[in-house]
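A structural walkthrough
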Amino acid sequence: MLGKLSPFILRSVEVVSYLFGLVLTVFFVTQLAQGEVQRRQDIAEFEEVLSAVGSGSGSTSPSSLSIDLSPETLPAPDTNLWAPGRIADYEASMQMDTSPVLGLLEVPSVGLKVPIYPSDSELNMDRGAGIIDGMSYPHELGNIGIAGHRDGYFRALKDVQVGDKLLLQTLSGPKQFTVDTRQIIEIDNLSVLQDTQNQTVTLVTCYPFYFVGHAPQRFIVTASLDITDVNQQ
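Summarised in this report is the structure supplied together with it.

Quick notes on the pairing of strand β4 (residues 143-147)
- Buried residues dominate β4, accounting for five of its five residues.
- Side chains Asn143, Gly145 and Ala147 of β4 all project onto a buried face; the interleaved residues Ile144 and Ile146 project onto the opposite face, where all are buried too.
- Note: β4 against strand β7 (residues 200-207), five bridges, orientation parallel. Looking at β7, one finds that alanine 147 is bridged to valine 204.

This is the structure in structure tokens:
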């Protein structure tokens, strides 16, 4: 009797497993789509502020941001290089409220375009990149320290080269920087976070990029402000 039931039971288990996998796939796609809408909303918030500042109305205070959804603002994120766990964290972050966007970071040579949030909390970095506590904001002078996850958006930094252009959209207008150095440092080396007299950008992520567990080092990209027309606004 048991022998006759076994094929039926096995088939039932296969069908249930297939349906469960199908449900998970649909859930994953739905969550990713919802997450992308939220990320575009965050970027649209920032662009709304830029519009208000440019017209001489409104406030530059992050608390004054309002949402103006523009789906065409940013293409869907390419998560091919992302770790599965980071994708899950990204999706989860989209269900929570985060701080308003302070700027947009773009490195065209590696296809990176990411919103910048006012702190490097886990929630902010799951959704984009965050300003390192105590460092300058994108619209301020000094050393703008921006942190991101090595298995998320900032994994693209592994392909950055000296001389690449870095674009920073700020509350005071667009700024263009040139990558000066890329280096690997020990985790306790804080020299790269020191303030600078001129406006610079320091991108920080963990290293190695594909390390399993808590990465022992940091990958640093530094860029200096270009003296070009785009920065004279």
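Some details on the side chain of threonine 170
- Note on placement: threonine 170 falls in strand β5 (residues 165-170).
- A distance of 2.6 Å separates the side chain of threonine 170 from the backbone oxygen of glycine 173, its partner in a polar contact.

Quick look at the sheet that holds strand β2 (residues 112-117)
- The eight strands are arranged β1-β2-β3-β4-β7-β8-β6-β5 in a closed barrel whose pairing can be described as mixed. Strand-to-strand twist in this sheet, taken as the mean axis angle between neighbours without regard to direction, amounts to 30 degrees.
- Strand direction decides the pairing type here: strand β1 (residues 103-107) and β2, joined by five bridges, are antiparallel. Of the residues in β2, the one forming a bridge with glutamate 106 is lysine 113.

Quick notes on the packing of aromatic side chains
- Under the definition given, this model contains three aromatic pairs.
- For the ring pair tyrosine 207 and phenylalanine 209, a centre distance of 5.7 Å and an interplane angle of 80 degrees mean the geometry is edge-to-face.
- Ring pairing ties together the aromatic residues Tyr207, Phe209 and Phe219, which thus form one cluster.
- Seen from the ring of tyrosine 210, arginine 155 lies directly overhead, with NZ or CZ sitting 4.0 Å from the centre.

Considering the nonpolar core
- Membership of the largest hydrophobic core comes to 27 residues, with the highest contact counts inside it found for Leu105, Leu112, Ile146, Phe154 and Leu203.
- Mapped by element, the contributors of at least two residues to this core are β1, β2, β3 (129-131), β4, β5, β6 (173-186), β7 and β8 (217-225).
- Once residues lying within four places of it in the same chain are set aside, the contact partners of leucine 112 are Leu105, Glu106, Val107, Tyr153, Phe154 and Leu157.
- Formed by eight residues, the second largest nonpolar core is a distinct cluster that contains Met125, Ile132, Met135 and Val204.

Regarding the pattern of salt bridges
- Overall, the coordinates contain two salt bridges when judged by the stated rule.
- Between lysine 158 and aspartate 159 there is a salt bridge; the shortest N-O distance is 3.1 Å.
- With relative accessibility at 40%, the residue aspartate 159 sits in the partly exposed group.
- As a salt-bridge pair, aspartate 226 and lysine 165 come within 3.2 Å of each other at their nearest N and O atoms.

A look at the environment of glutamine 161
- Here glutamine 161 lies in the loop between β4 and β5.
- Classification of glutamine 161 as partly exposed rests on a relative accessible area of 43%.
- Along the backbone, glutamine 161 and arginine 182 are 21 residues apart, and their C-alpha atoms lie at a distance of 7.4 Å.

Quick notes on the rules
Counting restarts for each chain: residues are numbered from 1 in the order of the written sequence. With pLDDT at 70 or above as the cut-off, local features in this predicted model cover only qualifying residues; side-chain atom pairs require 80 or more to be listed or tallied, and sums for whole chains, interfaces and linings still use all residues. Based on all heavy atoms of the structure, the side-chain values leave hydrogens and waters out of the count. Only protein chains enter the area calculation, which uses a 1.4 Å probe; residues under 20% of their type maximum are buried, those over 50% are exposed, and those in between are partly exposed. In this text, helices come from DSSP runs of H or I with a minimum length of four residues, and strands from runs of E with a minimum of two, each type numbered from the N-terminal end. Two strands are said to pair when DSSP picks up at least two bridges between them. Polar contacts, as counted here, are pairs of nitrogen or oxygen atoms within 3.5 Å of one another; within protein the pair requires one atom able to donate a hydrogen and one able to accept it, and residues that are adjacent in sequence qualify only if both atoms are side-chain atoms. Throughout, an axis means a line fitted to C-alpha atoms (over the contacting stretch in the case of helices), and angles, computed between N-to-C directions, take values from 0 to 180 degrees. The criterion for an aromatic pair is that two Phe, Tyr or Trp rings (for Trp, the six-membered ring) have centres within 6.5 Å, with stacked assigned to planes under 30 degrees apart, edge-to-face to planes over 60 apart and tilted to the rest. The rule is short: NZ of Lys or CZ of Arg within 6 Å of the ring centre and within 35 degrees of the ring normal puts a charge over the ring. What is meant by a nonpolar core is a set of buried Ala, Val, Leu, Ile, Met, Phe, Trp, Tyr and Cys residues, joined one to another through side-chain atoms within 4.5 Å. Contacts were defined at the residue level, with two residues in contact if any of their heavy atoms lie within 4.5 Å. Whenever a carboxyl oxygen of Asp or Glu lies within 4 Å of a side-chain nitrogen of Lys or Arg, that contact is scored as a salt bridge.

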